[in-house]
Amino acid sequence: MATVNNVTEIILLGFSPKQDVQKIISVMFLLMYIAIVLGNGLIVVTVMASKGLTSPMYFFLSYLSFVEICYCSVTAPKLILDSFIERKIISLKGCITQIFFLHFFGGTEIFLLTVMAYDRYVAICKPLHYTAIMNRRVCGLLVGAAWGGGLLHSVGQTFLIFQLPFCGLNVLDHYFCDVHPVLKLACSDTFLIGVLIIINGGTISVVSFMVLLASYVVILNSLRTRTSDGRRKALSTCASHIAVVGLFFIPCSFVYLRPCVTLPADKIVAVFYTVITPLLNPLIYSFRNAEVKNAMKRLMRRTVIW
């Protein structure tokens with residue numbers, strides 16, 4: 001039976017019905033978005049331009065920073081532009097497209113963080129075999145697998161939403177389209193599709209988190225035999241990654257690892273994994289890493305001289 005959609009556009013309520021409040025929020029988002037693009041863009045350019053940042057860790061970091069820019073760009077520009085429009089609307093096709101790219105880049109980021117944890121495990125637990133195991137070909141395959149995993153996850157979520165008919169309510173109490181709020185707009189029973197959406201997103205989150213957890217349990221266990229200086233250096237490189245994992249996984253788990261219901265706090269929680277994590281990513285990785293800071297300084301000096 002063909003899916004019937006009488007709804008052609010969706011109204012986004014945003015953060016506040018008051019236009020003045022919405023404009024203030026949009027200015028804040030604009031400033032944060034500029035900082036995200038510049039900060040993560042600087043990391044990408046620094047890794048690409050610096051001969052000293054050739055290890056797999058920085059290779060993965062550059063891709064993570066690129067994904068952060070893309071991920072934030074799915075939602076932030078729309079919110080910023082909507083502050084200048086009284087009626088904030090998005091077409092149904094545009095809404096589903098936004099869901100696709102949101103979960104594509106979000107899923108890719110989860111897999112990249114898992115790959116980075118594996119990289120730290122090999123570097124710390126098998127240092128003598130690190131360059132042989134994490135060679136250029138393997139790193140390229142791991143990044144390709146992260147993109148492929150994100151694509152499969154996103155296609156699954158989007159396909160499930162495509163099965164739903166939208167023929168009634170078209171008001172979305174959010175500032176972007178996501179699976180749980182959009183499910184509420186469907187004019188059919190969404191229980192089964194809701195369960196499949198949770199399984200799709202939940203399986204990726206739980207499996208990735210278990211791999212991350214296992215990696216760091218093994219790493220911490222292996223550090224017991226190291227010298228205090230070796231432990232400090234290893235923990236320093238791991239601490240940045242753990243901080244980003246926590247900032248991304250905790251709010252994502254709150255939203256996606258539960259029954260398909262929407263809560264008033266969802267909009268605030270969504271800000272953490274769509275904006276705050278990409279914003280803090282450059283600060284966490286550059287300020288705690290002397291090699292990245294020195295490479296950025298050299299890049300700045302070369303830019304000024306040119």
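Residues numbered from 1 in each chain as written. Predicted model: local features only at pLDDT ≥ 70, side-chain atom pairs only at ≥ 80, totals over all residues. Heavy atoms only, no water.

**Brief notes about a positive patch on the surface**
We count it as follows: Patches here: salt-bridge-free residues with over 30% relative accessible area, like charges joined within 9 Å, nonpolar side chains (Val, Leu, Ile, Met, Phe, Trp, Tyr) joined within 5 Å. The accessible surface values rely on the Shrake-Rupley method and a 1.4 Å probe; as for residues, cover is taken only from the protein chains in view. The term salt bridge refers to a side-chain nitrogen of Lys or Arg lying within 4 Å of a carboxyl oxygen of Asp or Glu. We score Asp and Glu as negative and Lys and Arg as positive, and we do not count His or the chain ends. Here the site of a charge means NZ on Lys, CZ on Arg, CG on Asp, or CD on Glu. A run of DSSP states H or I qualifies as a helix once it reaches four residues; a run of E qualifies as a strand once it reaches two. Both are numbered from the N-terminal end. Three labels apply to residues, based on accessible area from a 1.4 Å probe with only protein chains included: buried if under 20% of the type maximum, exposed if over 50%, partly exposed otherwise in between.
Together, K51, K293, K297, R298, R301 and R302 make up a positively charged patch on the protein surface. As for its position among the elements, R298 is in helix α11 (residues 290-305). For R298, a relative accessible area of 38% gives the class partly exposed.

**A closer look at the pattern of salt bridges**
For side chains bearing opposite charge, pairing can occur when the charged atoms are close. Throughout the structure, instances matching the rule amount to three salt bridges. A salt bridge links D82 to K78; the nearest nitrogen and oxygen atoms lie 3.4 Å apart. Here K78 and D82 lie together in helix α3 (residues 76-82), a separation of four residues that amounts to about one turn. Among the residues examined, D82 registers a relative accessible area of 5% and is labelled buried. Residue classification places K78 among the partly exposed positions, given a relative accessible area of 22%.

**Brief notes about the packing of aromatic side chains**
Selection criterion: Ring geometry is summarised as follows: Phe, Tyr and Trp rings, the Trp one being its six-membered ring, pair when their centres sit within 6.5 Å, and such pairs are stacked at plane angles under 30 degrees, edge-to-face over 60 and tilted between the two.
Tallied over the full model, the rule gives 18 aromatic pairs. With a centroid separation of 6.0 Å and an interplanar angle of 65°, the aromatic rings of Y71 and F248 are classed as edge-to-face. Taken together, the residues span a long stretch of sequence, with Y71 in helix α2 (residues 56-73) and F248 in helix α9 (residues 228-256) at a distance of 177 residues. In this structure F248 comes out as buried when scored by relative accessible area, which is 1%. Here a set of aromatic residues connected by ring pairs shows up, and it is made of F66, F100, F101, F104, F105 and W147.

**Some words on the UniProt feature "transmembrane region" (unreviewed entry) in the protein chain**
So the rule is basically this: UniProt positions are given in the numbering used here, feature names are shortened, and annotations may be inferred rather than shown by experiment.
In the numbering used here, UniProt assigns the feature "transmembrane region" (unreviewed entry) to residues 24-45, 57-76, 96-118, 138-162, 191-222, 234-256 and 268-287. In this annotation, residues 24-45 is assigned 100% helix and 0% strand; the end-to-end C-alpha distance for the span is 32 Å. In this annotation, residues 57-76 is assigned 90% helix and 0% strand; the end-to-end C-alpha distance for the span is 28 Å.

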